[in-house]
Amino acid sequence: TERLGYDDETIKIAGPVIQEIMFLVSCRAARLAGAALYSVLRKTGRVGGVTTLPTVVAIDGSMFEHHHLFRKELCKSLAELVGPEAKNIKLQLSKDGSGLGAAIVAAVADLGAQ
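The paragraphs below set out a description of the structure included in this document.

Rules used in this analysis
Residues numbered from 1 in each chain as written. Predicted model: local features only at pLDDT ≥ 70, side-chain atom pairs only at ≥ 80, totals over all residues. Heavy atoms only, no water. Helix = DSSP H or I, 4+ residues; strand = E, 2+ residues; numbered from the N terminus. Buried < 20%, exposed > 50% of the residue type's maximum accessible area, 1.4 Å probe, protein only. Contact = heavy atoms within 4.5 Å. Areas by Shrake-Rupley, 256 points an atom, 1.4 Å probe, with all protein chains shown as cover. Phe/Tyr/Trp six-rings, centres within 6.5 Å; stacked < 30°, edge-to-face > 60°. Lys NZ or Arg CZ within 6 Å of the ring centre and 35° of its normal. Expected span 1.5 Å × (residues − 1). Bend = angle between axes of the 7 residues up to and from the residue.

## Description of the overall build of the protein
Helices and strands together make up the secondary structure of the protein, namely four helices and two strands. Starting at the N terminus and walking to the C terminus, you meet the elements of the protein as α-β-α-α-β-α. Every one of the 114 residues in the protein was classed for burial, and the buried ones make up 21%. For the protein, long-range pairs separated by at least 24 residues make up 72% of all intrachain contacts whose partners lie at least 6 apart in sequence. Element-wise, carbon and sulfur atoms account for 63% of the exposed surface of the protein, whose accessible area totals about 8300 Å².

## Description of the packing of aromatic side chains
Summed over all chains, the structure comprises zero aromatic pairs. Above the face of the F64 ring, R71 is positioned so that its terminal group lies 4.2 Å from the ring centre.

## A few points about helix α3 (residues 68-82)
Along its 15 residues, α3 runs 21 Å from first to last C-alpha, staying within 8% of the 21 Å computed at 1.5 Å per residue. Along α3, the residues classified as buried are L69, F70, E73, L74, S77, L78 and V82. In this structure, the buried side of α3 is in contact with α1 (8-43), β1 (55-59), α2 (62-66) and β2 (89-93). With its phi angle positive at about 85 degrees, G83 sits one or two positions after the end of α3.

## Some words on α1
For α1, with 36 residues, the first-to-last C-alpha span of 52 Å sits near the 52 Å given by 1.5 Å per residue. At A14, α1 shows its largest bend, some 35 degrees, and a proline, P16, comes one to four positions later. Among all positions in α1, only S26, C27, A30, G34, L37 and L41 are buried. Looking one or two residues beyond α1, the residue adopting positive phi is G45, at roughly 80 degrees.

See below:
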């Protein structure tokens, strides 16, 4: 606290306020991520269609991996948007997902060009 230039009394007052702000920001970010996932799932026909195929969504990122509240709120948000079909969707942590995703996109593009 001394490095930041705040005394203990200021930290006692501001600490809970800062925690509440961070809680709200995390919840909002998770809900926005859930809405983005829902839109992709809907666009690809994985939800809201006639088929109810099991779907695994690979997620790479430290927020999903380490921030338990973010993960919980993301799942809750997606469940609210999807409804009963949410039981068919599994969110799975994927290490190095961006590199793997790029490789898959490149392979699919190559197959499509043939």
